[in-house]
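Survey of secondary and tertiary structure
Below, each chain spelled out in residue letters.
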Amino acid sequence: MSDDNIFHFNINTIAENGLVSKEYPVFDANDNYNLKFIVDYLNNSKEFVRFCTQRKLGGTRTRLYYKNLCDFKMYVPQLEEQNIIAQHLKLLDNLITLHQSEVERLKKAKQFFLDKMFI
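Each value, and the rule that gives it
- Residues numbered from 1 in each chain as written.
- Predicted model: local features only at pLDDT ≥ 70, side-chain atom pairs only at ≥ 80, totals over all residues.
- Heavy atoms only, no water.
- Buried < 20%, exposed > 50% of the residue type's maximum accessible area, 1.4 Å probe, protein only.
- Helix = DSSP H or I, 4+ residues; strand = E, 2+ residues; numbered from the N terminus.
- Arc of directions from axis to C-beta.
- Contact = heavy atoms within 4.5 Å.
- Salt bridge = Lys/Arg side-chain N within 4 Å of Asp/Glu carboxyl O.
- Core = buried A, V, L, I, M, F, W, Y, C linked by side-chain atoms within 4.5 Å.
- Phe/Tyr/Trp six-rings, centres within 6.5 Å; stacked < 30°, edge-to-face > 60°.
- Patch = residues over 30% accessible without salt bridge, like charges linked within 9 Å, V, L, I, M, F, W, Y side chains within 5 Å.
- Areas by Shrake-Rupley, 256 points an atom, 1.4 Å probe, with all protein chains shown as cover.

1. Examining helix α2 (residues 46–55)
Regarding α2, the residues found buried are Phe-48, Phe-51 and Cys-52. End-on, the buried residues of α2 take up no more than an arc of 95 degrees, which puts them together on one face. Exposed side of α2, more than 90 degrees from the buried face: Lys-46 and Gln-54 are the residues found there. On its buried face, α2 sits against α1 (35–44) and α3 (66–69).

Right under this line is the structure:
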């Protein structure tokens, strides 16, 4: 289900056993796939966005039904290459987070100096 016509996937890193609404199916991957690679692909590929745009149903809150999702064909490299790509994507995510923290720190410093200048 989506409010913005974009369907997002997440990896559960919090609980081994938990409750999930029936509106949000839970998937598992076998040992031939890197889950981080799969999630990054689904959340960021133009092919999946295009597929979702064609297959979504509903009005304000759109849905991508499981039976339609099963029609999506995803071409992935061998597991070793998936692992390397996922590792690089994780590194980029970490760098983005680091830089976002630095930007927030600099914005606070700027505001502090502006407050001191105009008191």
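2. What about the pattern of salt bridges?
Applying the stated rule across the entire model yields 5 salt bridges. Residue Glu-104 pairs with Lys-107 through a salt bridge whose shortest N-O separation is 3.9 Å. Placement of both Glu-104 and Lys-107 in helix α4 (residues 79–117) is noted, with a separation of 3 residues, approximately one turn of the helix. With a relative accessible area of 42%, Glu-104 lands in the partly exposed category. A cluster of three or more residues bridged by salt bridges with shared partners is formed by Lys-36, Asp-40 and Asp-93.

3. With respect to the nonpolar core
Residues Phe-9, Leu-42, Phe-48 and Leu-64 are the most contacted members of the largest nonpolar core, which totals 13 residues. Per element, the largest residue contribution to this core is 4 residues, and it comes from α1. Setting aside residues no more than four positions away along its own chain, Leu-42 makes contact with Phe-9, Phe-48, Phe-72 and Met-74.

4. Description of the environment of Phe-27
Take Phe-27: it is sitting in the segment before α1. Counting along the chain gives 33 residues from Phe-27 to Thr-60, while the straight-line C-alpha distance between them is 25 Å.

5. Concerning the packing of aromatic side chains
Within the structure shown, the criterion is met by 8 aromatic pairs. Considering the side-chain rings of Phe-48 and Phe-51, the 6.3 Å spacing of their centres and the 20 degrees angle between planes classify their relative orientation as stacked. You can see Phe-48 and its partner Phe-51 sitting in helix α2, 3 residues apart, about one turn around the helix. An identical accessibility class is assigned to Phe-48 and Phe-51; each is buried. Aromatic pair Phe-48 and Phe-72: ring centres 5.0 Å apart, planes at 75 degrees, arrangement edge-to-face. With Phe-48 in helix α2 and Phe-72 in the loop between α3 and α4, the pair connects residues that are 24 residues apart, well separated along the chain. Residue classification places Phe-48 among the buried residues on the basis of a relative accessible area of 1%.

6. Focus on a nonpolar patch on the surface
Residues Leu-91, Leu-92, Leu-95 and Leu-98 make up a contiguous nonpolar surface patch of roughly 380 Å² in combined accessible area. Looking at the secondary structure, you find Leu-95 in helix α4.

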